[in-house]
Structures are given as C-alpha cells and as structure tokens.
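Geometric and topological summary
For reference, the chains in residue letters:
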Amino acid sequence: YYSPQRRPDLRNLIPRGARRVLDVGCGGGALGAAFKADNPGAVAVGIEGFPDAAAHARRHLDLVLELDLDGLEELPAEAGTFDAITFGDVLEHLLDPER
C-alpha cells in the first residue's frame, strides 16, 4: 500500500524556484503531483522500485524510472538534472543505506 499523502513536510523543504525535482522512492507519485500542482510547468521525476506503485506514479509524474536503489550506481542519462531531490522514507529500506 502506498499512501496518497502529499507530504507537506517534504514539499516545504523543496526550494522555491525549483523547476525540476526528483522524488526518490516516489511511491504512487503523490508528492510529485503536489509539487507540480503548486508549480505549474514544473517537472517531477520519480524513482520507484515496486512496479505497481511505479505504474500509479506514471499517471501523475512526468517520468518514473523503475529502478532498484540497492544496485543503482548512477542515474540513467534520461533522468536529466534536478534543482532538488527528495529522499523521504527510503533509507531504512535499503540494504546498505550508507552507500
């Protein structure tokens, strides 16, 4: 189950003026959708490891990369660059969070 919470605690940490945001562990895309609603024309990209959640997030975000964070060495070039990256509720699920 992926909560539809829009995470105002994380949204408030995204710098004003950010136009491209990456949400690592985006779940169903609620945070990115809220960011886009607050910033018309902005781009929200998500990374999600669970196929069902990624499919749901694709309805709300500009791009969703279905990736395993435990094996990820670098972002694919298609992801582009970002003004801000959110990483909420993810570290505790990784095999090696320090990496």
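Everything below is about the structure shown above.
Below you will find a few notes about this structure. From a predicted model like this one, the values you see are computed outputs, not experimental measurements.

About the cut-offs
Residues numbered from 1 in each chain as written. Predicted model: local features only at pLDDT ≥ 70, side-chain atom pairs only at ≥ 80, totals over all residues. Heavy atoms only, no water. Helix = DSSP H or I, 4+ residues; strand = E, 2+ residues; numbered from the N terminus. Rg over C-alpha atoms; globule rule 2.2 N^0.38 Å. Buried < 20%, exposed > 50% of the residue type's maximum accessible area, 1.4 Å probe, protein only. Contact = heavy atoms within 4.5 Å. Lys, Arg positive; Asp, Glu negative; His and termini not counted. Charge placed at Lys NZ, Arg CZ, Asp CG, Glu CD. Polar contact = N/O pair within 3.5 Å; in protein donor to acceptor, adjacent residues only side chain to side chain. Core = buried A, V, L, I, M, F, W, Y, C linked by side-chain atoms within 4.5 Å. Salt bridge = Lys/Arg side-chain N within 4 Å of Asp/Glu carboxyl O. Pairing = 2+ DSSP bridges. Axes fitted to C-alpha atoms, helices over the stretch in contact; angles between N-to-C directions.

**Topic: the overall build of the chain**
When helices and strands are tallied, the chain shows three helices and four strands. Beginning at the N terminus, the succession of helices and strands in the chain can be written as α-β-α-β-α-β-β. Its C-alpha atoms give the chain a radius of gyration of 13 Å, within 12% of the compact-globule value 13 Å for 99 residues. For the C-alpha atoms alone, the extent of the chain along its principal axes is close to 35 × 30 × 25 Å. Of all 99 residues assigned to the chain, the portion counted as buried reaches 37%. Counting only contacts in the chain whose residues sit at least 6 apart along the sequence, the fraction spanning at least 24 positions is 54%. If the 10 positive side-chain charges of the chain are averaged to one point and the 17 negative ones to another, these points end up 11 Å apart.

**A word on the side chain of Arg 7**
Turning to its location among the elements, Arg 7 is positioned in the segment before α1 (8-11). Judged by its relative accessible area of 18%, Arg 7 falls in the buried class. Polar contacts involving the side chain of Arg 7 include one to the side chain of Asp 89, which spans 2.2 Å. Beyond its immediate chain neighbours, meaning those up to four positions away, Arg 7 contacts Leu 31 and Asp 89.

**Structural notes on helix α2 (residues 30-38)**
Of all the residues in α2, the buried ones are Ala 30, Leu 31, Gly 32, Ala 34 and Phe 35. Structurally, α2 contributes buried residues whose contacts are with α1, β1 (20-24), β2 (43-48) and β4 (84-86).

**As for the nonpolar core**
Membership of the largest hydrophobic core is limited to twelve residues, which are Ile 14, Ala 18, Val 21, Cys 26, Phe 35, Ala 42, Ala 44, Ala 54, Ala 57, Leu 61, Val 64 and Ala 84. Counting residues in each nonpolar core, the second largest holds ten residues, with Val 24, Leu 65, Phe 82 and Leu 94 among its members.

**Some points on the pattern of salt bridges**
As enumerated under the stated definition, the model contains five salt bridges in all. A salt bridge links Asp 62 to Lys 36; its shortest N-O distance comes to 2.8 Å. One end of the pair, Asp 62, is in the loop between α3 (51-57) and β3 (63-66); the other, Lys 36, is in helix α2, with 26 residues separating them in the sequence. On the accessibility criterion, Asp 62 (44% relative accessible area) is partly exposed.

**Here's the deal with the sheet that holds β4**
Here four strands make up an open sheet; going across it, the order is β3-β2-β1-β4 and the pairing parallel. The outermost strands of the open sheet, each flanked by one partner alone, are β3 and β4. With direction set aside, neighbouring strand axes in the sheet form an average angle of 20 degrees. Both β2 and β3 contribute to a ladder of four bridges, which runs parallel. The residue bridging Gly 46 from the neighbouring strand is Val 64, located in β3. Running over the sheet, α2 touches β1, β2 and β4 and is turned about 175 degrees from β2.

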